[in-house]
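The chain contents come next:
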Amino acid sequence: MEPVTSLHTLTVTGNGKVIAQANAVLLQMAVITKENDVTEAQQENATIMNRVIQSILSLNIPRENIQTAAYTVSPIYDYIEGKQVFSGFEVTNTISVKITDINQVGAVIDTAVKNGANRISSLQFSIENPDFYYQQALSLALQNAQLKARTIADTMQLSLNPQPIEILEESNGIPPVPYKSITLAEQSVSTPIEQGQITISATVRVTFNY
């Protein structure tokens, strides 16, 4: 005679998180030039950006870690006595720089600024091996779900089957961590960048029979 399968189910949500030290930074910086003639603005921008890139390469940042993020050419208008008056063109060339040594971030910023970069648009901490940490968070989420199910079963005096009948992975939370905005000002010391922490989270829905 086959055992009777219980029709009663209990579904719980398990959460787990792991905090890891950031081991990489994605830095976005831009060169902005303004001229009356669009060609002059583009040429000036290209000259400065090439100088910025070469200065970053001199810090032993691999060329493959430097990529163009955006390039825009926009007309500029002033408003004089309520009328729109054309005043030139603005060219913005933005690059992203991946830095795998946190201690180099300040030096990269200072070097780029000295060579003509005039905007740091974003700085985000990241981790190079997120799957390693996510697997830990996922294991903690499953343990959390089992603990919740046992607590409910013990409290309600239910005979819980410890083997789940369904496990659904709900989320993979590895968000980038933005850093505070950076003001481009003359400084006599290197731009200080403190190492950030990243929280990797996992959520599961687990269903048991009782």
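Residues numbered from 1 in each chain as written. Predicted model: local features only at pLDDT ≥ 70, side-chain atom pairs only at ≥ 80, totals over all residues. Heavy atoms only, no water.

### Describing the packing of aromatic side chains
Thinking step 1. Tallying each qualifying case throughout the model produces three aromatic pairs.
Thinking step 2. Centroid distance Phe86 to Phe89: 5.1 Å. Interplanar angle 70°. Geometry classified as edge-to-face.
Thinking step 3. An aromatic cluster is built from Tyr77, Phe86 and Phe89, whose rings are joined through pairwise contacts. (Phe/Tyr/Trp six-rings, centres within 6.5 Å; stacked < 30°, edge-to-face > 60°.)

### Topic: unusual backbone geometry
Thinking step 1. Residue Glu81 is not a glycine yet carries a positive backbone phi of 50°.
Thinking step 2. Note on placement: Glu81 falls in the loop between strand E3 (66-80) and strand E4 (83-99).
Thinking step 3. Even without being glycine, Gln157 reaches a positive phi, approximately 55°.
Thinking step 4. Structurally, the position occupied by Gln157 is in the loop between helix H3 (130-156) and strand E6 (166-173). (Helix = DSSP H or I, 4+ residues; strand = E, 2+ residues; numbered from the N terminus.)

### Considerations on the side chain of Asn65
Thinking step 1. You can see Asn65 is positioned in the loop between helix H1 (38-57) and E3.
Thinking step 2. Excluding residues within four positions of it along the chain, Asn65 makes contact with Ser96, Val97 and Lys98. (Contact = heavy atoms within 4.5 Å.)

### Here we look at the packing of H1 against helix H2 (residues 105-114)
Thinking step 1. It is at 8 Å that the axes of H1 and H2 come closest, and there the two elements cross at 150°. Viewed along their axes, H1 and H2 adopt a mutual orientation that is roughly antiparallel. Relative to H2, the crossing made by H1 is right-handed. Of the residues in H2, those touching H1 at Val52, Ser55 and Ile56 are Val108, Thr111 and Ala112. (Axes fitted to C-alpha atoms, helices over the stretch in contact; angles between N-to-C directions. Parallel < 35°, antiparallel > 145°, perpendicular 65-115°, else oblique. Left-handed = near helix turned anticlockwise from the far one by under 90°.)

### A look at the pattern of salt bridges
Thinking step 1. Counted by the stated rule, this structure contains three salt bridges.
Thinking step 2. Residue Lys34 pairs with Glu90 through a salt bridge whose shortest N-O separation is 3.5 Å. Taken together, the residues Lys34 in strand E2 (residues 24-35) and Glu90 in strand E4 connect sequence positions 56 residues apart.
Thinking step 3. One salt bridge in this structure joins Lys98 and Glu128, with 3.1 Å as the shortest N-O distance. Placement of the pair is Lys98 in strand E4 and Glu128 in the loop between strand E5 (119-126) and H3, with a sequence separation of 30 residues.
Thinking step 4. Taking the relative accessible area as the measure of exposure, Glu128 reaches 41% and is therefore partly exposed. (Salt bridge = Lys/Arg side-chain N within 4 Å of Asp/Glu carboxyl O. Buried < 20%, exposed > 50% of the residue type's maximum accessible area, 1.4 Å probe, protein only.)

### As for the nonpolar core
Thinking step 1. One finds Leu27, Met29, Val52, Ile56, Ile66, Ile95 and Val97 to be the most contacted residues of the largest nonpolar core, which totals 43 residues.
Thinking step 2. For this core, the secondary-structure elements that each account for two or more residues are strand E1 (9-21), E2, H1, E4, H2, E5, H3 and strand E8 (197-209).
Thinking step 3. By residue number, the principal contributor to this core is H3, which donates seven residues.
Thinking step 4. Excluding residues that lie within four positions of it along the chain, Leu27 makes contacts with Ile95, Ser96, Val97, Ile99, Val108, Ile109, Ile120, Ser122 and Leu123. (Core = buried A, V, L, I, M, F, W, Y, C linked by side-chain atoms within 4.5 Å.)

### Overview of H2
Thinking step 1. Judged by how many residues are buried, H2 sits mostly within the fold: seven of ten residues are covered.
Thinking step 2. Within H2, the full set of buried residues consists of Val105, Gly106, Val108, Ile109, Asp110, Thr111 and Ala112.
Thinking step 3. Buried-residue contacts for H2 involve E2, H1, E4 and E5.
Thinking step 4. One or two positions beyond H2, positive phi appears at Gly116, with a value near 120°.

### Focus on the side chain of Thr111
Thinking step 1. Summarising the element assignment, Thr111 is placed in helix H2.
Thinking step 2. Those residues in contact with Thr111, other than ones at most four positions away along the chain, are Ser55 and Leu59.

So, to be careful, I would describe these as geometric facts and stop short of saying anything about function.
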